[in-house]
Amino acid sequence: MTCASCAARIEKKLNKVDGVIASVNYATEKAKVLAPLGTTTSDLIKVVEATGYGARRPDPAAPQVDRAAPIRRDLVLSAVLAVPVIAIAMVPALQFPGWTWASLLLTAPVYFWAGRRFHHSAWVNLKHGATTMDTLISLGTSAAFWYSVWALLFTHAGDLHYTHPFEFSIGRSDGASVYFEAVAGITTFLLAGRWFEARSKSQSSEALRALLTLGASEATVLRDGVEQRLPIDFLKLDDEFVVRPGEKIATDGVIVSGTGAVDEAMVTGESVPVDKHPGDRVLGATLNANGRLVVRATALGGDTELARMARMVEEAQTRKAPIQALADRISGIFVPIVLVIAALTFVGWLLAGEGILFAATAAVAVLIIACPCALGLATPTALLVGTGVGARMGAIIAGPDVLERARAVRTIALDKTGTVTRGDLRVVAVHPADGVTEAELLRLAGTAESGSEHPLARAIVAAASDGGLGELGQFENTPGEGVRALVDGVEVAVLRPDAAEGLPSALASVIEDAQSRGETPVVVQVRLPGPVDGASPSSDSRDGSGGRAVGVISLADTVKESSAEAIGRMKDLGLTPVLLTGDNERAARAVATRVGIDEVRANVRPEGKVEVVRELQARGQVAMVGDGVNDAAALAASDLGIAMGSGTDAAKEAAGITLMRGDLMLAVDAIRLSRRTLRTIRTNLFWAFAYNVAAIPLAALGMLTPMIAGAAMAFSSVFVVANSLLLRGFRPSTR
């Protein structure tokens, strides 16, 4: 394909096949096709070939073809030959005897060789009864070239001492002129635009190519306790493999043993290595910075997070934005309209009494300046660059329609657990009673809880581990109350406040304060009064009577460091944040106050989240940010779903934007990038429309020579591509 009209024509032919829904993207040179059962890829390729083009199944593993290289060679040839031709035509003082014949010799290779792609495309399309922008280019340059040859052979323009001045507008004289500078200049300008376009396509697909080539090629697999170095293709699900410091992790998995810091920058955009421990999930293609890890493979090949990211980026670049529909419709009918305008220009000037040479030159200028390449490039180039930038910083934009929705969003609903907060409980305060130290209180509680798998227990054990644990004896877990155990021979109970009895007023006050902040307090008791170290077990272990409360430990789902700043930036973007959670009102209010959210919807069940989203949509479009299975329905119901990368697959599938790290600031950047990309598309479309609307009448009125028209048309395409490439300068928010 050489222009947006080619894409429109192929798309039209594919869509004529029964049951086929096709979308052809000029910028990515790909078609996304939905076809009924029984329709094969070969059938679709034959339709494309019958239209005058070629097609094949995309192969991500195939080496990338440098489409810019052959254009660059032709551009160099054309530029070297065009410079003297244009200079001589522009500067009468340089017009030596016989300069018109020298211009012919220099222009012929430009017309026949460097411009062959335009003529070939026009001829192929003509055989199929179609016209494209290459038809305009070929017609324009051919008219200028063969008219100039005729002028050389049959008019005074062939005289050795012939000269003519350079003018921006067409001269009104019946004297013949040569326009070799227009042929050479137009071809050079167009090739420059095509080369710049090809380079931009290559550059803006870097993110996708990087994703596809990030993975490790080999893995050190453990088979029967023996390490074997194998190609990645031989790795199987549930295989355990070794990752040494400095090696890439072969595929997605779970750490079986070992600890280390893993650099996830290439996948998540997070520059700081993340500490990993047994049980933690790791992603393929990330780098083990230190420590020896043994990982169990949980996903392979196309099922890995890396492959999923690549598919999302590629699909996003292939799909079309709603705003593209108008541009496509215009491109599809533009060429025939321009041919009619050119014919009317020629006839109109003849009827106005101008000579045939003037009329023909004006018609050629219309053909040249009308090429709507900028119109076809306006949306896809910005989308290519925008989605590539998003992928590099860790935000996968699922499609161009997301850009439209991001612009219109006014309210952003935020899930609490795992989104605004970390999603795991941590000990936030330790309040020992008189005569007991914090370390001793944590040791008693941590040892007692070490026999439990409850999230509260794991958090207390983690907090107590630094100081060491005691010896765990008899253990009993009572659902709804807590645990009781023998710790170094002392009976210890870790209980919910309402299951503990005889609490001193000081600890009761601590519990009340903790609950008011949305924290979860637990009471630690020992069975007998007196010094803790001297306590001994008692036969009565069913309640707290006779026991002594030795302290309170408060736990909370801590707020992420960036959440408060991210909420502030959301407000700066004109968004109204709403905290939407299934947690209790008090805990939700405490978190909302900490991060600056005014509106809270608490105690909301998963199905209730959808109802709240519908209610909020009465104010305007709503974005939903979440990470869990319970958020999937709300993400799908919202106008813009944003899934945290640390969340579940269900959440990611329902979202329009997936964040590869659990950082709300990345959600802010994704919305900023979406809005800026859409602004770029709108600027591009405005330029393309305004350019053609203004330039075609000027050419038809004889106010532009063919060479100036060609330069202006090429500059329009270059401007659109350059404006899109400015998106590469997008910078994430400072964190």
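All values reported here derive from a predicted model rather than from experimental measurement.

Caption draft 1: Representation of the overall build of the protein in the model. When its secondary structure is counted, the protein shows 25 helices and 24 strands. Looking at the protein as a whole, 53% of its 735 residues are labelled buried. For the protein, long-range pairs separated by at least 24 residues make up 70% of all intrachain contacts whose partners lie at least 6 apart in sequence. Here the protein displays about 31,200 Å² of accessible surface, and carbon together with sulfur accounts for 58% of that area.

Caption draft 2: Layout of the sheet that holds strand S22 (residues 621-626). Spatially, the seven strands line up as an open sheet ordered S12-S24-S23-S22-S13-S20-S21, and their pairing is mixed. Because the sheet does not close on itself, it has two edges, and the strands there are strand S12 (395-397) and strand S21 (599-601). On average, adjacent strands in this sheet sit at an angle of 20° to one another, irrespective of strand direction. Here three bridges tie S12 to strand S24 (residues 657-659), and the two strands are oriented antiparallel to one another. When the bridges of S24 are listed, Ile397 appears paired with Ile657.

Caption draft 3: Summary view of helix H2 (residues 41-50). Leu44, Ile45 and Val48 are the residues of H2 that are buried. Angular distribution of buried residues about the axis of H2 spans 100°; they occupy a single face of the element. Pointing more than 90 degrees away from the buried face of H2 are the exposed residues Lys46 and Ala50. Positive phi appears at Gly52, one or two residues downstream of H2, with a value of about 105°.

Caption draft 4: Representation of the packing of helix H12 (residues 356-369) against helix H24 (residues 664-700). It is the contact of H12 with H24, at a shortest axis distance of 8 Å, that shows an interaxial angle of 165°. One element, H12, and the other, H24, form an angle in the roughly antiparallel class. The hand of the H12/H24 crossing is right-handed. Where H12 abuts H24, its residues Ala362, Ala365, Val366 and Ile369 lie against Tyr691, Asn692, Ala695, Ile696, Ala699 and Ala700. Split by residue class, the contact of H12 with H24 holds nine nonpolar, one polar and no charged.

Caption draft 5: View of the nonpolar core. Judged by nonpolar contacts, the single largest core of 51 residues is most densely connected at Leu414, Leu659 and Leu664. Ranked by residues supplied to this core, first place goes to H24 with 11 residues. For Leu414, the residues in contact, after removing those within four places along its chain, are Val420, Ile567, Met570, Pro577, Val578, Leu579, Leu580, Ile597, Val625 and Leu664.

Caption draft 6: Layout of the packing of aromatic side chains. Taken as a whole, this structure holds 11 aromatic pairs when the rule is applied. Each ring, one from Trp99 and one from Tyr162, has its centre 6.2 Å from the other, and the planes form 15°; the classification is stacked. Of this pair, Trp99 sits in helix H4 (residues 99-114) while Tyr162 sits in the loop between helix H6 (133-154) and helix H7 (180-204); the two residues are 63 residues apart in sequence, bridging distant segments of the chain. You'll find Trp99 and Tyr162 in the same group, each marked buried. A cation over a ring is seen here: Arg116 above Trp113, with NZ or CZ 3.8 Å from the ring centre.

Caption draft 7: Summary view of helix H18 (residues 505-516). Between its terminal C-alpha atoms H18 stretches 16 Å, which fits the 16 Å expected from 12 residues at 1.5 Å a residue. Within H18, burial applies to Leu507, Val510, Ile511 and Ala514. Down the axis of H18, the buried side of the element spans an arc of 100°, and every buried residue falls inside it. For H18, the exposed residues set more than 90 degrees away from the buried face come down to Ser505 and Glu512. A positive phi of about 85° marks Gly518, the residue just after H18.

Caption draft 8: Structural detail: the UniProt feature "transmembrane region" (unreviewed entry) in the protein. In this structure's numbering, the residues bearing the UniProt feature "transmembrane region" (unreviewed entry) are residues 75-93, 99-115, 136-157, 177-196, 330-351, 357-385, 684-701 and 707-727. Secondary structure content for residues 99-115 is 94% helix and 0% strand, and the end C-alpha separation is 22 Å. When the span residues 136-157 is considered, its composition is 86% helix and 0% strand, and the gap between its end C-alpha atoms is 26 Å.

Caption draft 9: Region of the structure containing the pairing of strand S6 (residues 253-257). For S6 and strand S9 (residues 281-282), the ladder comprises two bridges, and the chain directions are antiparallel. When the sheet's bridge partners are listed, Val254 is paired in S9 with Arg281. Across four bridges, S6 lies against strand S11 (residues 293-297) in antiparallel orientation. Bridging across to S11, Ser257 finds its partner in Val294.

Caption draft 10: Local environment of the pattern of salt bridges. All chains considered together, the criterion is met by 19 salt bridges. Here the salt bridges share partners, and the residues they tie into one network are Glu599, Arg601, Glu615 and Arg619.

Caption draft 11: How the structure looks around the sheet that holds strand S7 (residues 260-263). The strand order across the open sheet formed by three strands is S8-S7-S10, and the pairing between neighbours is antiparallel. Both edges of this open sheet fall to strand S8 (274-276) and strand S10 (287-290), since each of them pairs with a single strand only. Taking each pair of neighbouring strands and ignoring which way they run, the sheet shows an average axis angle of 40°.

Caption draft 12: The arrangement of the side chain of His119 in detail. When you line up the elements, His119 lands in helix H5 (residues 116-127). Given a relative accessible area of 18%, His119 falls into the buried group. A polar contact is formed between the side chain of His119 and the side chain of Ser138, at a distance of 2.9 Å. Not counting residues within four places of it along the chain, the set of residues in contact with His119 comprises Tyr111, Ser138, Thr141 and Ser142.

Caption draft 13: Looking closely at the pairing of S11. For S11, the buried fraction is high: four of the five residues fall into the buried class. Pairing geometry for strand S5 (residues 240-243) and S11, over four bridges, is antiparallel. In the sheet register, Val242 faces S11, and the bridge partner there is Val294.

Caption draft 14: Layout of the packing of helix H19 (residues 563-572) against H24. Axis separation between H19 and H24 bottoms out at 8 Å; the angle between their running directions is 25°. Regarding the angle of H19 to H24, the classification is roughly parallel. Crossing of H19 against H24: the hand is left-handed. Along its contact with H19, which presents Ser563, Glu565, Ala566, Ile567, Arg569 and Met570, the element H24 presents Leu664, Met665 and Val668. Across the contact of H19 with H24, the residue classes tally to six nonpolar, one polar and two charged.

Caption draft 15: Broad picture of the side chain of Thr304. Position of Thr304 among the secondary structure elements: in the loop between S11 and helix H10 (305-318). The class of Thr304 is buried, set by a relative accessible area of 9%. Setting aside residues no more than four positions away along its own chain, Thr304 makes contact with Thr251, Asp252 and Ala299.

Caption draft 16: Representation of the environment of Thr220. With respect to the helices and strands, the residue Thr220 is situated in strand S3 (residues 218-223). Given a relative accessible area of 5%, Thr220 falls into the buried group. For the pair formed by Thr220 and Val242, sequence separation is 22 residues and the distance between their alpha carbons is 5.3 Å. Leaving out residues up to four positions away in the same chain, Thr220 has contacts with Glu227, Gln228, Arg229, Glu240, Phe241, Val242 and Arg244. Here the side chain of Thr220 touches Arg229 through a polar contact of 2.7 Å, side chain to side chain.

Thresholds, definitions, all that
- Residues numbered from 1 in each chain as written.
- Predicted model: local features only at pLDDT ≥ 70, side-chain atom pairs only at ≥ 80, totals over all residues.
- Heavy atoms only, no water.
- Helix = DSSP H or I, 4+ residues; strand = E, 2+ residues; numbered from the N terminus.
- Buried < 20%, exposed > 50% of the residue type's maximum accessible area, 1.4 Å probe, protein only.
- Contact = heavy atoms within 4.5 Å.
- Areas by Shrake-Rupley, 256 points an atom, 1.4 Å probe, with all protein chains shown as cover.
- Pairing = 2+ DSSP bridges.
- Axes fitted to C-alpha atoms, helices over the stretch in contact; angles between N-to-C directions.
- Arc of directions from axis to C-beta.
- Parallel < 35°, antiparallel > 145°, perpendicular 65-115°, else oblique.
- Left-handed = near helix turned anticlockwise from the far one by under 90°.
- Nonpolar A, V, L, I, M, F, W, Y, C, P; charged D, E, K, R; others polar.
- Core = buried A, V, L, I, M, F, W, Y, C linked by side-chain atoms within 4.5 Å.
- Phe/Tyr/Trp six-rings, centres within 6.5 Å; stacked < 30°, edge-to-face > 60°.
- Lys NZ or Arg CZ within 6 Å of the ring centre and 35° of its normal.
- Expected span 1.5 Å × (residues − 1).
- UniProt positions renumbered as here; feature names shortened; annotations may be inferred.
- Salt bridge = Lys/Arg side-chain N within 4 Å of Asp/Glu carboxyl O.
- Polar contact = N/O pair within 3.5 Å; in protein donor to acceptor, adjacent residues only side chain to side chain.

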